[in-house]
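Examination of the molecular architecture
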Amino acid sequence: MAQRLTIAHSPCPNDTFVFHAWSHGLLPEAPGLAVTIADIDVTNGLAERGGADLLKISYASLPYVLDEYVLLPCGGALGHGCGPLVLTRSGDSTADSDSDSDSDSGPAWLAGRRVAVPSVRSTAYLLFRLWAARAVPGGVGDTVVLPFHEIMPAVRDGEVDAGLVIHEARFTYQQYGLHRLADMGEEWENATGRPIPLGAIVARRDLGEEQLRAVARAAADSVRFAWDHPTASRPYVLEHAQEMAPDVIEQHIGLYVNDYTADLGEDGYAAVRELLGRAAAEGLVPAVSPGALDFPAAG
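Here is a short report on the structure shown in this document. None of the values given here were measured: they were computed from a predicted structure. (Residues numbered from 1 in each chain as written. Predicted model: local features only at pLDDT ≥ 70, side-chain atom pairs only at ≥ 80, totals over all residues. Heavy atoms only, no water.)

**Thoughts on the environment of L164**
With respect to the helices and strands, the residue L164 is situated in strand β9 (residues 162-165). Here the alpha-carbon distance between L164 and T6, two residues 158 residues apart in the chain, equals 30 Å. Apart from residues no more than four positions distant in its own chain, L164 is found in contact with P84, L85, V86, V115, A116, V117, P118, A124, Y125, F128, I151 and M184. (Helix = DSSP H or I, 4+ residues; strand = E, 2+ residues; numbered from the N terminus. Contact = heavy atoms within 4.5 Å.)

Below is the structure:
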């Protein structure tokens, strides 16, 4: 039996939904997969250490790993209306009724505050930094990295002042008594008119062009299988989901698995270039050289 490729991706419903068919041997022509389920902060670190053949990583981590990994044109997460949220406890970041100061409300409230984030190399944090540079006079205070499912409880319990959340937290934050201070995706879309680049699928360059193309075909086929057989992956998705409510899981998949997952296309690539270009111009990530995002064309 040919050696299986290794892949690490998050436990989020969009990833388990997308990779279910491939990882469970339902694609006869696809290479075998050995799967590790890990939080995005872990997979970002694995990419920098060359820790797997394929990885789901944050687009913000991409500039650091492009020497070793190539961006696949499918399998990842981009979209509209799906950006990270900045959350606070209800009432914390809204002005008191007897206050005349604008600094008591809105983004300015974050100045000097302690904020939990899912990863310092996450796209969420990169979008947050781009936004906060102009929206939070004086800047935020300390940032604390927590697994994304621990962020809302930490905000609720007062362990941090605010939290930057991703994934299905968009649908559940009100259950924690939290207030949405800002929507990073909305800010991005208003500024650029482009979809929000969130998570990328990357593969080791040393797999070689022929195997890289086979990997890309398998990823695209796995997406299509998931759409054609939407209930086949349900037990696998439920096994790993950290928010178990079926309606939340369905909303999550519907939002994050879309046409860009099947094929980045020109609009998707343009969004990625714009994000990384803006971030590099602010000194937040290394500049990406021309052609570094290109995927090997069929010979």
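**Here we look at empty space enclosed by the protein**
In the structure shown here, the tally under the stated rule is two cavities of 30 Å³ or more. Space inside the largest cavity adds up to approximately 230 Å³. Looking at the lining of the largest cavity, the elements with two or more residues in it are α1 (13-23), β3 (54-58), α4 (123-135) and β11 (196-204). Grouping the amino acids of the lining of the largest cavity by side-chain chemistry returns nine nonpolar, eight polar and two charged. Estimates place the volume of the second largest cavity at around 30 Å³. Of the residues in the lining of the second largest cavity, the class split is ten nonpolar, two polar and no charged. (1 Å grid on protein atoms, 1.4 Å probe; cavity = no way out; pocket = protein on both sides within 12 Å on 5 of 7 lines; lining within 4 Å. Points joined across faces, edges and corners; volume = space filled by probe spheres on them. Nonpolar A, V, L, I, M, F, W, Y, C, P; charged D, E, K, R; others polar.)

**What to know about the layout of surface pockets**
What the largest pocket holds in volume is close to 230 Å³. The element best represented in the lining of the largest pocket is α4, accounting for five residues. Here the lining of the largest pocket is built from residues that sort into seven nonpolar, no polar and four charged. If you add up the space inside the second largest pocket, you get close to 200 Å³.

**Some words on the pattern of salt bridges**
Taken as a whole and judged by the stated rule, the model has 13 salt bridges. Between D157 and R156 there is a salt bridge; the shortest N-O distance is 2.9 Å. D157 sits in the partly exposed class, given a relative accessible area of 47%. Each of R194, D267, E274 and R278 takes part in salt bridges that share partners, so that together they form one network. (Salt bridge = Lys/Arg side-chain N within 4 Å of Asp/Glu carboxyl O. Buried < 20%, exposed > 50% of the residue type's maximum accessible area, 1.4 Å probe, protein only.)

**Focus on the pairing of strand β6 (residues 85-89)**
The side chains of a regular strand alternate between both faces of the sheet. With respect to burial, β6 is a largely interior element, five of its five residues being buried. Relative to β9, β6 runs antiparallel, the two sharing four bridges. In the sheet register, V86 faces β9, and the bridge partner there is L164. Bridge analysis of β6 against strand β10 (residues 178-183) gives five bridges, and the strand direction is antiparallel. Looking at the pairing, L87 lines up with R180 of β10. (Pairing = 2+ DSSP bridges.)

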